[in-house]
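The residues making up each chain are set out below.
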Amino acid sequence: MIKPILWQDGHLTIIDQTRLPSELVYLEMADHRMVGDAIRTMKVRGAPALGIIAAYGLALGAGGIQATSTDQLLTEVDAIAGALAATRPTAVNLFQALERMQATARSARDKGTVEDLKATLVAEAQRIDEENLDADCRIGELGAELIEAGTTVLTHCNAGALATAGCGTALGVIRAAHIGGRNIQVLATETRPLLQGARLTAYELMREGIPVTLITDSMAGFFLHRGEVSAVIVGADRIAANGDVANKIGTYTLSVLAAEHGVPFYVAAPTTTVDMKLASGDEIPIEERGPEEVTHIKGVAVAPEGVKVANPAFDVTPHMYVTALITERGVLREPFHDRIRKILIRED
Ligand code: MRU
């Protein structure tokens, strides 16, 4: 399994996902500004990975501050958290991890020196990383039970090791089913505009020897209509309290197609992707990215210069289209609102 974010002896290194699949390049993050830039430019991406890198980014940033008191360090920590929070708006894991780090910093303020506080932040980021890995591996185990042996599942975008601490959510389920001997095939959508499916999902699955066929986004209906897909499984960037799911643009289309063809539509995500503060998906902020991602592919223009472009990076799938949410605390079905509340309250 590939690990997209590494913290070793005070050094933070990421895989530059914009260079995959042609080159596997590791980049060391010099400071929190570089981390913010890596998030914005999607060198690191995927909701759980954004939470982890934000936590390490904050720890790295705090480590570089010359503060004379814990109070002063805390002020700087809040400023760095604010800068990291302003990078991408949709994946709630980013904000959730930053808030947790800030709360940890506040509670450690009076318990030691500036250096102690810095060490506490590193330890907390490592805990977030480890907890994410455990959650994703558990999601894989629970979700694999839902996958019928000998069938083809369709996935969208990249919800694999690269998008997480290293186990993957949707791809974690697929991997667990594969390792469990279910003899499955995967249809991976290329995922325009940034091709996470073609560049990253196809790369990860091939690397692990899991049979994968790459299709363009517009081919999904063809294969569903022919009865060649037994399940659609995707990740999530934010899940509202009622079970509505924000995920990569194109997910909503797939959910409607799946419902039309009587195919289960599964969303695999850790509970840290749930935002109980939002009653429904209508309240989820949707990132709008630059027009060049649509007009160009790898720097080459594929549209006339000056054309008007829309580029929402995510869409919202209403919970009525979600067959089940696969979380580390269990597989949830309707009524999502009550069941989500129950699992979150159970262990918090
Ligand atoms: O824009 P991206 O590549 O960050 O979008 C990623 C997705 O939409 C993933 O499906 C989601 O974050 C889940 S990753 C386990």
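Refer to the preceding data block for the structure.
Presented here is a report on the structure given in the accompanying data block.

Calculation criteria
- Residues numbered from 1 in each chain as written.
- Predicted model: local features only at pLDDT ≥ 70, side-chain atom pairs only at ≥ 80, totals over all residues.
- Heavy atoms only, no water.
- Pairing = 2+ DSSP bridges.
- Helix = DSSP H or I, 4+ residues; strand = E, 2+ residues; numbered from the N terminus.
- Axes fitted to C-alpha atoms, helices over the stretch in contact; angles between N-to-C directions.
- Buried < 20%, exposed > 50% of the residue type's maximum accessible area, 1.4 Å probe, protein only.
- 1 Å grid on protein atoms, 1.4 Å probe; cavity = no way out; pocket = protein on both sides within 12 Å on 5 of 7 lines; lining within 4 Å.
- Points joined across faces, edges and corners; volume = space filled by probe spheres on them.
- Nonpolar A, V, L, I, M, F, W, Y, C, P; charged D, E, K, R; others polar.
- Domains from an automatic or database assignment.

## Points about the sheet that holds strand β3 (residues 26-29)
Spatially, three strands are ordered β1-β2-β3 in an open sheet, and the strand pairing comes out antiparallel. Each end of this open sheet is capped by a strand with a single partner; those strands are β1 (5-8) and β3. Within the sheet, the average angular offset between the axes of one strand and its neighbour, ignoring direction, is 25°. The pairing of strand β2 (residues 11-15) with β3 spans four bridges and is classified as antiparallel. Within β3, the residue paired with Ile-14 across the bridge is Leu-27.

## Some remarks on the pairing of β2
Across the five residues that make up β2, a large majority, four, are buried. Both β1 and β2 contribute to a ladder of four bridges, which runs antiparallel. Its bridge partner being in β2, Ile-5 is matched across the sheet by Ile-14. Between the antiparallel neighbours β1 and β2 lie two residues, among them Asp-9 with a positive phi of about 45°.

## Quick word on the sheet that holds strand β11 (residues 274-275)
An order of β11-β8-β9-β14 is seen for the four strands of this open sheet, with the pairing classed as mixed. Each end of this open sheet is capped by a strand with a single partner; those strands are β11 and β14 (314-317). Inspection of the sheet shows strand β8 (residues 238-240) paired to β11 by two bridges, in the parallel sense. When the sheet's bridge partners are listed, Ala-240 is paired in β11 with Asp-275.

## Quick notes on empty space enclosed by the protein
Per the counting criterion, the structure on display carries two cavities of 30 Å³ or more. Quantified by volume, the largest cavity comes out at close to 180 Å³. Along the wall of the largest cavity there are 23 residues; nearest its centre are Arg-45, Gly-46, Ala-47, Asn-158 and Asp-237. Mapped by element, the contributors of at least two residues to the lining of the largest cavity are α2 (47-63) and β9 (245-248). Take the lining of the largest cavity: its biggest share by element is three residues, from α2. Here the lining of the largest cavity is built from residues that sort into twelve nonpolar, seven polar and four charged. When residues are assigned to domains, the lining of the largest cavity turns out to be shared by domain 1 (5-137) and domain 2 (141-347), each giving three or more.

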